[in-house]
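# Secondary and tertiary structure notes
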Amino acid sequence: MPSKRKLSYKRQTKALDLMPKSNEEKLPIVETDVKSSSVSRQLKGYEKTDGVISYSIVCVISGGEKRERDFLQTLIRQQDLHSLRVAFISKEGQGLQPYQMQEQWNKIQSTKTIPLYGRVLHLDEMDKVFLLSDVDEFYDQLVKILENHNENDAGQWIISNPCFEIWLYYCFCNKPEEDLASIKPLSPNKRSQELKHLGHTVIAGGLNSIKAFEYMQEGIIHSISHYAEDANTIPVLFSTQMPRMAKFLIDIMNHNHNEYNEFVKRKQQQRQEWRKMMKRTGFDKLDKG
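Being a predicted model, the structure only gives us computed values, none of them experimental. (Residues numbered from 1 in each chain as written. Predicted model: local features only at pLDDT ≥ 70, side-chain atom pairs only at ≥ 80, totals over all residues. Heavy atoms only, no water.)

With that out of the way, let us pick up the overall build of the protein. Within the protein one finds 11 helices and 10 strands. Within the protein, buried positions represent 46% of all 289 residues. Accessible surface, the protein: about 15500 Å² in total, of which carbon and sulfur atoms supply 49%. (Helix = DSSP H or I, 4+ residues; strand = E, 2+ residues; numbered from the N terminus. Buried < 20%, exposed > 50% of the residue type's maximum accessible area, 1.4 Å probe, protein only. Areas by Shrake-Rupley, 256 points an atom, 1.4 Å probe, with all protein chains shown as cover.)

Here it is, written out as structure tokens:
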């Protein structure tokens, strides 16, 4: 169960205050859905028939700035889910290399705080801290970091090879040796771009980061069946450690009123209703001539 902890703020801010001013130095992207100054970790104003729902807070330090944030968008923006909140940290426009991610994490550990453009979230409020990294051309960096990684370190590295998109692939598909064969002969610094390109050939609409959030359970099953590590505990090609993070997220949400499973069920029902509507109106035949 998530414990009750204090949320500390330096000052009251509006939503626009979360972005740096144009004449100031560009800060790392730090996004959170924490808007209430309540000292209790209960969601005021959000009640189920059987009581008030509590919530957990997860910090994600991400090497990628776009796909990873999109994948977590439902939690960051609090659109449909309420039992899990995410503070997302990356660098605007370019993301972070593993060494830079470790530096960010070291700063957070030394100050015990996460800066949020005018407010502060304390490290002891985190139920979990994840560091998401691609292998790409960063293999040597990751090996050095993991060699010096303390077992008691609260930050858990989540590594994908070649990149985060392999996790998105497993959320929708499960034939990497066939679908992604053209990646194998490429050098590590070219594999990620090829995977992004192949996404549109293996699934209509490509590897949709936001939609993949609904398919985490499939992603866990598929990716685990292809997982392997090398002698340095780095995932081999087509392997990802994202199931560790995905399982944690699902377990936290389902602990509170089975929220994730209910969310997936609602999304499936909405999609079925949309298809029925399209069929009734005849729009489903437009592309068939």
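With seven of its seven residues buried, strand S4 (residues 56-62) lies for the most part within the structure. Burial along S4 is two-sided: the residues Ser 56, Val 58, Val 60 and Ser 62 and Ile 57, Cys 59 and Ile 61 are all buried. Pairing analysis gives six bridges linking S4 to strand S5 (residues 84-90), with the strands arranged parallel. From the neighbouring strand, Ser 56 faces S5, where its bridge partner is Leu 84. Judged from the five bridges that link them, S4 and strand S8 (residues 128-134) form a sheet pairing that is parallel. Within S8, the position partnered with Val 58 by the bridge is Lys 128. (Pairing = 2+ DSSP bridges.)

Counted according to the given criterion, the structure contains 11 salt bridges. Across the pair Arg 67 and Glu 165 runs a salt bridge whose closest N-O atoms are separated by 3.8 Å. Here Glu 165 lies in helix H5 (residues 165-172) and Arg 67 lies in helix H1 (residues 67-71), a separation of 98 residues in the sequence. Three or more residues are tied together by salt bridges with common partners; here these are Arg 67, Glu 165 and Lys 196. (Salt bridge = Lys/Arg side-chain N within 4 Å of Asp/Glu carboxyl O.)

Each aromatic ring pair is described using two quantities: the centre-to-centre distance and the angle formed by the ring planes. In this structure the tally under the stated criterion is nine aromatic pairs. Centroid distance Phe 71 to Phe 164: 5.7 Å. Interplanar angle 70°. Geometry classified as edge-to-face. Separated by 93 residues along the polypeptide, Phe 71 in helix H1 and Phe 164 in the loop between strand S9 (155-161) and H5 bring together distant segments of the chain. Side by side, Phe 71 and Phe 164 carry an identical accessibility label, which is buried. Feature note: the residues Phe 71, Phe 164, Trp 167, Phe 213, Tyr 260 and Phe 263 constitute an aromatic cluster, connected by ring pairs. The ring of Tyr 55 has Arg 85 lying over it, and the distance from NZ or CZ to the ring centre is 4.1 Å. Taking the ring centre of Phe 248 as reference, the NZ or CZ of Lys 128 above it sits at 6.0 Å. (Phe/Tyr/Trp six-rings, centres within 6.5 Å; stacked < 30°, edge-to-face > 60°. Lys NZ or Arg CZ within 6 Å of the ring centre and 35° of its normal.)

Let's shift gears to the pairing of S8. Counted residue by residue, S8 has six buried out of seven residues, so it is predominantly covered. One ladder, built from six bridges, connects S8 with S9; its direction is parallel. From the neighbouring strand, Val 129 faces S9, where its bridge partner is Gly 155. Where the polypeptide runs from S8 across helix H4 (residues 139-147) and back to S9, its parallel neighbour, the crossover connection is right-handed. (Right-handed = clockwise from strand over helix to strand, strands pointing away.)

Keep in mind these values describe shape, not function.
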